[in-house]
Amino acid sequence: MIRKHKQFKVQAVATLLGISVDQVRRDSDEAGIEVERQAGSGPKTRLFSVENIFDLAAFRAKKHGTRFTRTKIGTIYAPKGGVGKTTATSNIGVTLALLGLRVLSCDLDFQANLTISYGYDPELTHDEAENENIPLDTCVDYHLGHLLPQWQNGQTLTLADVIKKPFGENGPHLIPSEVTLDRLEALFTVDAIMNKKPDLAIAKFLADGLSGKNKGIDLSQYDVILFDAPPAKNQTTRGALLASDFVVAPVSMEKYSTKSVSYLAGVLGEMEETHGKYPQLMILGNFYDMTRVRVAAQVIALTSKYPKAWLDKQVSTSEEFKKVLDDDENLPLVLARPSSAAAGEIRAVTKAILEKMETL
Amino acid sequence: MSKRESEAAFQASLAARLKEAGTAPTGGMHMTSAPTGQSKSLDQLMEDNAPRVLDVPAPPQPASSSASPASVVHDSIIERIAVQLVVDSPWQPRTRYDETELQALGQAMKDRGQDEPMKVRKLANGQYELISGHRRIRAARLIGWPTIAATTVQMDDKQAELATLVSNETHVGLSDYERAKAYKQALDHDLATDQKEVGRLFSCSQSRVSQCLTLYKLPEPILQLLDKYPDLIAYRHARAILKLVSEFPAGEEAIVAAVESMIDHPDLELDELRSLVEKALTPKRPRPKALEPRVIGDKNGSTVFSVKLHERQIVINIKDGVDVEMAGKRTMAALREFAQMIELPEKEKSLKTKT
């Protein structure tokens, strides 16, 4: 990976996993995870790598049996840009994995922000990588399109060819994206004209991958599959929504995106009408500043109209998000700053989502 | 504001704040309700779509789309016929064609050639009448093809009508009303005896057929509107409108007017439609009769306020021991809230308060 080798002390690991420092020490010894020790003459403090932490999370999950009985599918979507969809997807994905769940994130936006947030460079060519001595894995060669029959290049790829593992085997996995994913939409449009129901393409991909019908793509190994949908109101997004058990709609209180929730509710209503299937709506108040009356007005409007969908936990306005972007650490905020207030809020939000997810 | 406040207390404090600021929570903005029904599972979804999506290969065999009860294809031959000799079927339910889609289809035909021939029958005057391929012929005209591949079949009028109606391609992007028209036509012309058979003919579920046919229960003026604007409303609207009709039996005119307004506002949501109608039909709030002198008690019933309403004045007497300033603020807030709900014709406000 291109990211700097960030190391975590025991305290940070304890915060990330929501357990005590002692528990971290005991579990990592029990799991036999090889952890680096601080060099020099001082105390030999343990220094965990990101991979170590996810390995530990997976070990703990196995020990306590926290896996889901059925894979839950979700989409993060709001028909409005800049409300924090990608930030939410990358951080929630990481947090779910820290809770020991097996997570597959899928970037549906050809602008590939999620892919970039996990440390990949969709514009990097193999030649450039070789010349500049960057690991080849940093390049993005494939995306979701390559796993669908619509992509008529004759190649049959397996899931293993396509996915990336930014934080090792036990971290969240990623179906990355790059600019040619845009063509999938064009293929879907042709399918629509030819009455081939492109809205079911992603549902079929998931159903076959979960049931074992598609040998090369085993999705049943995952507890959660999360789609990061672009703000576009296109076939790909609708396909992901239709296939999902739940949809998390981030609502930026800064930006008056309340209307966009109403739009989304309408889309879900049509889905129920046409297919009898729709994802459960969850509204996430994002960049939330509860001292402002304008924000309060929106909150009241949303909670009174969508009482069930409103998540009780929110993410506040925080400078931390911007700092993380500037740092170029290529780590989602929860990992980059485990002890920040924003990271704490994301963990609380993720638990709220998890609780709702478990009832689905 | 403390972060430790409970959620309920916090929400209540927000509401109080807004009331002071004179903002009604949902004031002004309409919000669509989220669905509440039971959702199918992914597996159910795939199962329900399986026979039509997964197992049937997309390009039907030349004769299969007319493999209806009266399968009647004799001597079908594929040939290239002049585009200008092709005329539309009189039984085609589609009344409008999406220009962008036609262009995309044209581009696809240019790039990949024609996937499958159209189906036509030869008329006595030497022209070819379309059975399926209404969009392909338009796309071909757009991209300037002189000829187009077509299967010529021999059919009498009734067979051609049936074949045109049930042709799969015919139904791409049809509005619910256009579908309903096709289903009704099939029933009226004895091509099918019941909704179940219609469903079989058109390869859709019986419930879809009955959903679309619901549109025909709409009042006549709305059906006339639909003849002009077939995609004005879908089944879900029809359901809501029928509910309105049963709730306001005398309100047909207002309901039709509300539906008509959708010509200019095609995105009107069901709730908005309903509130339009309700607004038009609900009688204006009756003038409050002169309030009799009345008293308002505290928790224990002892009088806190006594209120008298004169011609244009409300007089509130406040008993000792009550925070007069707060009572004034609350009264003002209540009046402000009330004022937000009404609109005076032009005259100045003449409501006065004395405390």
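Use the structure listed above.
Predicted model, so just to flag it, every value in this text is computed and none were measured. (Residues numbered from 1 in each chain as written. Chains lettered and ligands numbered in written order. Predicted model: local features only at pLDDT ≥ 70, side-chain atom pairs only at ≥ 80, totals over all residues.)

J.: Please provide a residue-by-residue account of the overall build of chain B, values included.
T.: The number of helices and strands found in chain B is 13 helices and nine strands. The buried share of chain B, reckoned over its 355 residues, is 25%. (Helix = DSSP H or I, 4+ residues; strand = E, 2+ residues; numbered from the N terminus. Buried ≥ 20, exposed ≤ 12 C-beta atoms within 10 Å, placed from the backbone.)

J.: Quick one: what's the story with the packing of helix H6 (residues 176–188) of chain B against helix H8 (residues 206–213) of chain B, residue by residue and with numbers?
T.: All names here are of chain B. Contact geometry of H6 with H8 gives a least axis separation of 8 Å together with a crossing angle of 105°. Compared by their axis directions, H6 and H8 come out roughly perpendicular. Facing Asp176, Arg179, Ala180, Tyr183 and Lys184 of H6, the residues of H8 in contact are Val209, Cys212 and Leu213. Looking at the contact of H6 with H8, its residues break down into five nonpolar, no polar and three charged. (Axes fitted to C-alpha atoms, helices over the stretch in contact; angles between N-to-C directions. Parallel < 35°, antiparallel > 145°, perpendicular 65-115°, else oblique. Contact = placed C-beta atoms within 7 Å. Nonpolar A, V, L, I, M, F, W, Y, C, P; charged D, E, K, R; others polar.)

J.: Residues and numbers for the sheet that holds strand S2 (residues 86–87) of chain B, please.
T.: Spatially, five strands are ordered S1-S5-S3-S4-S2 (chain B) in an open sheet, and the strand pairing comes out mixed. One side of each edge strand has no neighbouring strand; the edge strands of this open sheet are strand S1 (77–82) and S2 of chain B. (Pairing = 2+ DSSP bridges.)

J.: Run through helix H11 (residues 258–275) of chain A, naming residues and quoting values.
T.: Residues and elements named next belong to chain A. Between its first and last C-alpha, H11 extends 26 Å over 18 residues, near the 26 Å set by a 1.5 Å rise per residue. Within H11, the full set of buried residues consists of Thr258, Ser260, Val261, Ser262, Leu264, Ala265, Val267, Leu268 and Gly269. Among the residues trailing H11, Gly276 stands out with phi positive, at a value near 70°. (Expected span 1.5 Å × (residues − 1).)

J.: Could you give me a rundown of the nonpolar core, with the residues and numbers involved?
T.: Among the nonpolar cores identified, the biggest contains 108 residues, and Ala203, Ala249, Leu281, Met282 and Ile283 of chain A are the most heavily contacted of them. Top contributing element to this core by residue count: helix H9 (residues 201–211) of chain A, with seven residues. Counting the residues that make up this core, at least three belong to each of domain 1 (1–64) and domain 2 (67–358) of chain A. Once you skip the residues sitting within four places of it in the chain, Ile283 of chain A turns out to touch Ala249, Val251, Val261, Leu302, Tyr306, Ala309, Trp310 and Leu311 of chain A. In terms of nonpolar packing, the next biggest core, distinct from the first, is built from 50 residues, Tyr128, Val166, Ala180 and Leu215 of chain B among them. (Core = buried A, V, L, I, M, F, W, Y, C linked by C-beta atoms within 7 Å. Domains from an automatic or database assignment.)

J.: Could you give me a rundown of the pairing of strand S8 (residues 313–318) of chain B, with the residues and numbers involved?
T.: Residues and elements named next belong to chain B. Relative to S8, strand S7 (residues 303–309) runs antiparallel, the two sharing five bridges. Bridging from a neighbouring strand, Ser306 pairs with Asn317 of S8. With antiparallel pairing between neighbouring strands as the criterion, S7 and S8 make up a hairpin whose turn holds three residues.

Function cannot be inferred from these measures alone, as they are strictly geometric.
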